[in-house]
Structures are given as C-alpha cells and as structure tokens.
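Each chain, written out:
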Amino acid sequence: MAVAASPGGAGASGWTWRPVARDALLARAFHSCTELRGQFYLVGGILAGGAREPSSDTVVFDPAAGQAVQVGVRGGLRRSHHDSVPVGGRWLCVVGGWDGSRRVATVAALDTDRGVWEAWTAAPGNCPPAGLSSHTCTRLSDRELRVAGREGGTRTQRRYGSIYTLRLDPSARTYCYKEEGCHTVSRSGHCAALLQTPGPHAGHQLLLFGGCDSGEPEVAGHWSHGKIKEEPPVAPRLVEQLARLVSSGQGSQQGPRGLRHHSCSVVGPFAVLFGGETLTRARDTICNDLYIYDTRKSPSLWFHFPCADHGLKRVGHRTCLWNDQLYLVGGFGEDGRTASPQVCILDLFI
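The shown structure was predicted, so the numbers you read here are calculated from the model rather than taken from an experiment. (Residues numbered from 1 in each chain as written. Predicted model: local features only at pLDDT ≥ 70, side-chain atom pairs only at ≥ 80, totals over all residues. Heavy atoms only, no water.)

A. The arrangement of the pairing of strand E8 (residues 91-98) in detail. Burial within E8 is extensive, with eight of its eight residues counted as buried. Pairing of strand E7 (residues 83-87) with E8 involves five bridges; the strand directions are antiparallel. Residue pairing across strands places Val85 opposite Cys93, the latter belonging to E8. Linkage of E7 to E8, two consecutive antiparallel strands, is achieved through a turn of three residues, within which Gly88 is found at a positive phi near 65°. As defined by bridge partners, E8 adjoins strand E9 (residues 103-111) across seven bridges and the pair is classed as antiparallel. When the sheet's bridge partners are listed, Trp91 is paired in E9 with Asp111. (Buried < 20%, exposed > 50% of the residue type's maximum accessible area, 1.4 Å probe, protein only. Helix = DSSP H or I, 4+ residues; strand = E, 2+ residues; numbered from the N terminus. Pairing = 2+ DSSP bridges.)

Here is the structure:
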C-alpha cells in the first residue's frame, strides 16, 4: 500500500486510506452516504460510468460490523447527484438530485423506524429552486437546512449560485424553500462545511469549496455565537492527528483551484477534502490529493498532501465521520467509470 508523504515532512509523516470492508452493494458514485444512529445509509447514485439511470436502492453499512445490507424499503427513491441529511434521529431527508429524467428540488424522507420512503409535501409559501443537482445541503438544526448550488440544467441555469433556507416540519411531513438575498459564484459539484469562526465568541460560517474555477472558499451563511446549537461529532484522536499532520506541512492561503465532485468532512476545526475531478487539466483529471483547511487561526490556511497511489483516485465518492474515524465510501476510480466496492478508513502516520 502506497503511503503519501507530506511535501515538507521529508517522509516523516504521511497518510493513506486503509480498506476495512468490501461489498459489491457499496459500488456506486454520486450517491449520498449519511450516518444515522451509527449506520451509514447509502442512497441511489450511479452504478457504472456512462449510466443515465440512477440506482433506486438503499444500502445500509454497519461500520462496527463491517457489513452491508440492501434495505427492502417500500417506494424506493431513484436519485443521483443529490444530498441528504439526518433529521430527528429517525428520518433520512434526501434533497434534490437527478431522477433519471430531470433535476428535482423535492424532499423525500426515509423513515428508518418504519422502513418506508415518504414524499414530503411543499408547505404554502414554498419558493423552490428550478431543479437541483450536484448541490449541497447542510443541516443547521432538525428544522432548518441550507441549500447552495446552481439551479436548473445547463441550458437554463443562472450565471450565479443561489442560496436557499429549507425549513422542515417532520411531524407534518412538509418542507418550505425560501431564497436568501445573497448569491454565490455559479458552482456545481462543490462541497460545504459548517465551521466555527475563531475567537472568544465563536459563531459559525458555512463555507463552499470548489465546483468552479476559483480556489477561494465562499461564505454561504454566517451565524453569531449561540445561534447554531448543533453538536458536531467529537473526534478527539483524529483532531489531534490532523493537527500533527498539518504541523509537518507548509500552509498556504490558496486552496485547490477547479476541483469538483470531491468529498468534504468537518473534523473539529478542520475541513478535510479528498479526491475529486480537476478542471485545470485536460487529461488525468481524477485526483487523489488530501487537502486540509485549518481554521484555528485567522487567516485560515490550506495544507496539501499529495499521493502517489493511483488506486486511491476517486470522484463522486463520500466521506463520513463516525467513532473518531473518517470513512471513505464508493466513488469512481482512475478511469472515471468503475465504482469502488471498498470502504476505507483514513490512516495518519505521524
């Protein structure tokens, strides 16, 4: 297994993705992978490069047992390029995506208690986007999400990205979009990270990375101290390891340019980005680089840790934080067509 060394660390520190499970059920890309009650729920996605029809299956991976099972739920949801969030410790809410014929902006929820997909209904006053795919949906609370991305198809999309607040009422099974006044750069295939702002009265900001030519993160929301009550998963060991890894590297204020369909997970004060597809090259576009965005001091700094192992190239994959480990699930490999059946854990050698 190739180990990627830090450029400034003379090989003293490095990282790799260590395989911990393998199952053909997990082989997919442009799916969602969401942790709910200690299980990873994989919804839809594309099973092979070039396929137009998204999968309609739901697979549950148990990271403790290393086992994957296909869930026999009623009313399967055919989606790819969507996003999903856990709500109320019970529902898995899927927002937008491609259904095989069009981009949708609807909300569907898997009720994990009953094993049933529910089509939630739009509440009065709903002002939905024209259609969403390769967008992001970030949970602010059980009743409020923040959606960011480009609306519509390639012929109808606006020249900017839109930001929506999406309010949920789980008891009534309803949702309501409201467009925010601010716009972003037109982005698709970006990622979003809800991070604490540094300082004694820390608030939160939602940052968008990638999905366009720029390497600059963009703020898609700002909340003052105490406004967001979300308790992020604690990962003390991984935070400490990431802090030691970045201390071996050289920080930069310039992030990766032209990266899309990468993964992003927030681990304490760090956003951890991996893989994706670069818009800056005509060939060999699928990446296997690890980027860490460190918000502990202002200005925040980027740390880039490249990798020599072509077997780790991924696009359309997902990462999930659970039990102080970062998991990598699915995605297409170097050829951009073959989906990985592996689940891996980020191993850091410091």
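Following the structure, the description resumes.
B. Local environment of the packing of aromatic side chains. Overall, the coordinates contain 13 aromatic pairs when judged by the stated rule. Ring centres 6.1 Å apart and planes at 45° place the aromatic pair Phe40 and Phe61 in the tilted group. In this pair, Phe40 is assigned in strand E4 (residues 39-43) and Phe61 in strand E5 (residues 58-62), connecting sequence segments 21 residues apart. Of the two residues, Phe40 and Phe61, neither departs from the other in class, the shared state being buried. (Phe/Tyr/Trp six-rings, centres within 6.5 Å; stacked < 30°, edge-to-face > 60°.)

C. Just unusual backbone geometry, in detail. Between Ser298 and the following residue, Pro299, the backbone shows a cis peptide bond with an omega angle of 0°. Phi is positive for Phe30, close to 60°, though the residue is something other than glycine. A residue is classified by how much of its surface remains accessible, and Phe30, at 16% relative accessible area, is buried. One non-glycine residue, Arg173, lies in the positive phi region at around 55°.

D. Spotlight on the sheet that holds E8. With antiparallel pairing, four strands are arranged side by side in an open sheet as E7-E8-E9-E10. The outermost strands of the open sheet, each flanked by one partner alone, are E7 and strand E10 (116-119). On average, adjacent strands in this sheet sit at an angle of 25° to one another, irrespective of strand direction. (Axes fitted to C-alpha atoms, helices over the stretch in contact; angles between N-to-C directions.)

E. Representation of empty space enclosed by the protein within the structure. Per the stated rule, a full pass over the model turns up one cavity of 30 Å³ or more. Residue lining of the largest cavity: Leu208, Phe209, Gly210, Ser214, Gly215, Glu216, Pro217, Pro256, Leu259, His262, Leu273 and Trp302, and that is the complete set. Residues belonging to the lining of the largest cavity are distributed by class as follows: seven nonpolar, four polar and one charged. (1 Å grid on protein atoms, 1.4 Å probe; cavity = no way out; pocket = protein on both sides within 12 Å on 5 of 7 lines; lining within 4 Å. Points joined across faces, edges and corners; volume = space filled by probe spheres on them. Nonpolar A, V, L, I, M, F, W, Y, C, P; charged D, E, K, R; others polar.)

F. Layout of the state of the cysteines. The final tally for this structure, using the stated rule, is zero disulfides. No disulfide involves Cys137; its sulfur sits 8.4 Å from the nearest other cysteine sulfur, which is in Cys93. On the basis of relative accessibility, which here comes to 6%, the residue Cys137 falls in the buried class. Here Cys307 is not disulfide-linked; the sulfur of Cys287 is the nearest cysteine sulfur, at 11 Å. (Disulfide = S-S within 2.5 Å.)

G. Just the sheet that holds strand E3 (residues 32-36), in detail. The four strands lie next to each other as E3-E4-E5-E6, forming an open sheet whose pairing is antiparallel. Of all the strands in the sheet, the pair left with one neighbour each is E3 and strand E6 (67-70). In this sheet, adjacent strand axes meet at a mean angle of 25° when their direction is disregarded. Across five bridges, the pairing between E3 and E4 is antiparallel. Across the sheet, residue Cys33 finds its bridge partner in E4, namely Leu42.

H. Geometry of the nonpolar core. The biggest cluster of nonpolar side chains holds 23 residues, and the ones touching the most others in it are Trp15, Trp17, Leu238, Leu242, Leu290, Ile292 and Phe305. Counting residues per element, the ones that place at least two in this core are strand E2 (14-22), helix H1 (236-247), strand E21 (270-274), strand E23 (290-294), strand E24 (301-305), strand E26 (325-329) and strand E27 (342-349). Examining the composition of this core, we find that four residues originate from one element, H1, more than from any other. Excluding its chain neighbours within four sequence positions, the residues that come into contact with Leu290 are Trp15, Leu245, Val272, Leu273, Phe274, Phe303, His304 and Phe305. Counting residues in each nonpolar core, the second largest holds 18 residues, with Trp91, Leu145, Leu166 and Leu168 among its members. (Core = buried A, V, L, I, M, F, W, Y, C linked by side-chain atoms within 4.5 Å. Contact = heavy atoms within 4.5 Å.)

I. View of the side chain of Thr136. Mapped onto the elements, Thr136 comes out in strand E12 (residues 136-141). For Thr136, a relative accessible area of 6% corresponds to the buried category. There is a polar contact of 3.3 Å between the side chain of Thr136 and the side chain of His190. With sequence-adjacent residues up to four places away left out, Thr136 is seen in contact with Asp83, Arg146, Val147, Ala148, His190, Cys191, Ala192 and Leu208. (Polar contact = N/O pair within 3.5 Å; in protein donor to acceptor, adjacent residues only side chain to side chain.)

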